[in-house]
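Listed here are the chains, written in short residue letters.
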Amino acid sequence: MSPATNEYYLHYFAVKQPDLNWDNPKVRQEVYSLMKFWLDKGVDGFRMDVIPLISKDQSFPQLTPEQLRNIGSVYANGPHMHDYLQEMNREVLSKYDVMTVGEALGISLEQTPLMVSDQRKELNMIFNFDAVRINRQGSQWKDFTLPELKAIYTRHAEGLDARSWDTVFLSNHDNPRVVSSFGDDSDQYRVPSAKLLITMLMTLRGTPFLYQGDELGMTNYPFQSITDFDDIEVKNAYKARVLTGQVKEADYIANLRRTSRDNARTPMQWDATANAGFTGGPRPWLAVNPNYAMINAAEELANPDSVYRYTEKMVHLRSATPAFVYGDYKDLAPADPAIFAYTRTLGADRYLVVLNFSEKPAAFAVTGGIQPKQLVIGNLKGTGASGATLDLQGWEARIYRY
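Residues numbered from 1 in each chain as written. Predicted model: local features only at pLDDT ≥ 70, side-chain atom pairs only at ≥ 80, totals over all residues. Heavy atoms only, no water.

Another point: the environment of tyrosine 153. Mapping tyrosine 153 onto the fold places it in helix α6 (residues 146-159). Judged by its relative accessible area of 10%, tyrosine 153 falls in the buried class. Considering only alpha carbons, one finds tyrosine 153 and threonine 311, 158 residues apart in sequence, at a separation of 21 Å. For tyrosine 153, the residues in contact, after removing those within four places along its chain, are Ala131, Val168, Leu170, Met200, Leu204, Tyr329 and Phe340. (Helix = DSSP H or I, 4+ residues; strand = E, 2+ residues; numbered from the N terminus. Buried < 20%, exposed > 50% of the residue type's maximum accessible area, 1.4 Å probe, protein only. Contact = heavy atoms within 4.5 Å.)

Okay, the side chain of asparagine 296 next. Here asparagine 296 lies in the loop between α10 (249-259) and α11 (297-301). Reaching out from asparagine 296, the side chain makes a polar contact with the backbone oxygen of alanine 293 at a distance of 3.3 Å. Of note is the side chain of asparagine 296, whose polar atom sits 2.8 Å from the backbone nitrogen of glutamate 299. The residues contacting asparagine 296, other than those within four sequence positions of it, are Leu216, Gln269, Trp270, Asp271 and Ala272. (Polar contact = N/O pair within 3.5 Å; in protein donor to acceptor, adjacent residues only side chain to side chain.)

To continue, consider the sheet that holds strand β3 (residues 125-127). The three strands are arranged β1-β2-β3 in an open sheet whose pairing can be described as parallel. Bordering the open sheet on either side are β1 (45-48) and β3, each of which pairs with just one other strand. Averaged over all pairs of adjacent strands, the angle between their axes in this sheet comes to 20 degrees, without regard to strand direction. One ladder, built from four bridges, connects β1 with strand β2 (residues 99-103); its direction is parallel. When the bridges of β2 are listed, arginine 47 appears paired with valine 101. (Pairing = 2+ DSSP bridges. Axes fitted to C-alpha atoms, helices over the stretch in contact; angles between N-to-C directions.)

The terminal C-alpha atoms of helix α1 (residues 25-40) lie 22 Å apart, and with 16 residues this matches the ideal 22 Å at 1.5 Å per residue to within 8%. Among the residues trailing α1, glycine 42 stands out with phi positive, at a value near 105 degrees. (Expected span 1.5 Å × (residues − 1).)

This paragraph deals with the pattern of salt bridges. For the structure on display, the rule yields 13 salt bridges. Salt-bridge contacts for arginine 309 lead to glutamate 312; the nearest nitrogen and oxygen are separated by 2.9 Å. Separated by three residues within a single helix, arginine 309 and glutamate 312 lie in helix α12 (residues 307-319), roughly one turn from each other. Of the residues examined, glutamate 312 reaches a relative accessible area of 30% and is grouped as partly exposed. (Salt bridge = Lys/Arg side-chain N within 4 Å of Asp/Glu carboxyl O.)

Turning to helix α9 (residues 232-242), a few remarks are in order. Each turn of an α-helix holds 3.6 residues, which means side chains three or four residues apart point in the same direction. Val234, Tyr238 and Val242 are the residues of α9 that are buried. Each buried residue of α9 sits inside an arc of 45 degrees when the element is viewed along its axis, so together they form one side. Turned more than 90 degrees from where α9 packs its buried face, Glu233 and Lys239 sit exposed. Structurally, α9 contributes buried residues whose contacts are with α10. A side-chain oxygen of the first residue of α9 lies 3.0 Å from the backbone nitrogen of glutamate 233; this N-cap is aspartate 231. (Arc of directions from axis to C-beta.)

Burial along strand β8 (residues 328-331) is one-sided: Tyr329 and Asp331 are buried, while Asp328 and Lys330, pointing the other way, are not. As paired elements, β8 and strand β9 (residues 339-346) share four bridges and run antiparallel to each other. Pairing of aspartate 331 across the sheet is with tyrosine 342, part of β9.

A few words now on the pairing of strand β14 (residues 397-401). The element β14 is extensively covered by neighbouring structure, given that four of its five residues are classed as buried. Here strand β12 (residues 374-378) runs beside β14; their pairing, made up of four bridges, is antiparallel. What sits directly across from isoleucine 377, in β14, is isoleucine 399.

What follows concerns the nonpolar core. By size, the foremost hydrophobic cluster in this structure holds 34 residues, and its most contacted members are Tyr153, Leu170, Met200, Phe340, Leu355 and Phe357. Elements represented by at least two residues in this core include exactly α6, α8 (190-203), α12, α13 (322-326), β9, β10 (349-356) and β14. Among the elements that line this core, the one with the most residues is α8, at six residues. With near-sequence residues (within four places) excluded, phenylalanine 340 lies in contact with Leu146, Lys150, Tyr153, Met200, Leu204, Tyr329, Asp331, Val353, Val354, Leu355 and Phe357. Counting residues in hydrophobic clusters, the runner-up holds 22 residues, among them Phe46, Val98, Ala104 and Leu123. (Core = buried A, V, L, I, M, F, W, Y, C linked by side-chain atoms within 4.5 Å.)

Quick look at the packing of α8 against α12 now. Between α8 and α12, the shortest axis-to-axis distance is 10 Å and the interhelical angle comes to 15 degrees. Viewed along their axes, α8 and α12 adopt a mutual orientation that is roughly parallel. The element α8 and its partner α12 pack so that their crossing is right-handed. Mapping the contact onto sequence places Arg190, Val191, Ala194, Lys195, Ile198, Thr199, Met202 and Thr203 in α8 and Val307, Tyr310, Thr311, Met314, Val315 and Arg318 in α12. A class-by-class count of the residues in the contact of α8 with α12 yields eight nonpolar, three polar and three charged. (Parallel < 35°, antiparallel > 145°, perpendicular 65-115°, else oblique. Left-handed = near helix turned anticlockwise from the far one by under 90°. Nonpolar A, V, L, I, M, F, W, Y, C, P; charged D, E, K, R; others polar.)

Below, the discussion takes up the side chain of arginine 261. By the secondary structure assignment, arginine 261 is in the loop between α10 and α11. Look at arginine 261 and you get buried, because its relative accessible area is 19%. Among the polar contacts made by the side chain of arginine 261, one reaches the side chain of aspartate 231 at a distance of 2.8 Å. For arginine 261, the contacting residues outside a window of four places in its chain are His173, Asp174, Asn175, Asp231 and Glu233.

Put into structure tokens, the structure is as follows:
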């Protein structure tokens, strides 16, 4: 209810975020005008937040508690969503050399081509959350297995044809740090596991996206109290669940250390000076991660073996290797609990990627007529030679030409 007008308004998210009425053509034209303003200034594209939610079911049906726990399934894909995206493309996007990617809450893999196929003239890509949320059950942390993660990438490779471009990401502003969630952020394995994840992201099928700090191997923040958080979602859930006695405070905070999006929103760690060089003011909105003196851009730029320098090499390798962009993808060991091994092939260009998602040494027997010939890059010094069996150290990553 708005006290100023004595009228109700719809908001799917924060109270201070009323949803726009896209069914009003004047609203859509105003949005298009804003887009043209920035495109005329030279921006290269847009990330469109929760874009599948722009069209509403005007009957506004009463939702069950189960539906409310999965808002994407009931709020997305409104009756005019595709109409409005096609109109946006027709009136704005098609007139510019521009890239678009939509945050696709509530859009399944099967529905993806309807938004991104080049024949549909809507968006270029969307973010599907199957992989990034594999370690979550609602708001709770959930352990996952490597075969479960690999199966997602196989489904995407098989479910999207050449006309439907995919995205590859494991972190963003709404998810915790990638090395803390999918790697090992201990002092011993943070660097190799961060490099392994970069290797995977840069060689899987689809456009890779890195979130700021991934290229440094930034980690989750050691939250201790509810006062450490800025996220409105965290504070509202604290009132609803902890203050009412449904959840113990210690358990609530412990889960947030692994799942909270505030892990990704702590200040960028530029150097080892006060506030990690982020601001000269007294304090930023969130505390700087205490490990900033060890993990920061200045240190990594000066270190040839840093996560940053390895990321730099992987970006160049992907850019120079069409097989990693356009090549076919095949998982060679879908059931292996520790090894993720796959090929990317394009004509005569053939690459084998082998990743050990474990701190323990692991061996991979190369079969199927694949004979690794040349080690292209590895994340550890002294990487072993190629052969019929590849012996990998903990969190080791290798790329071979074969």
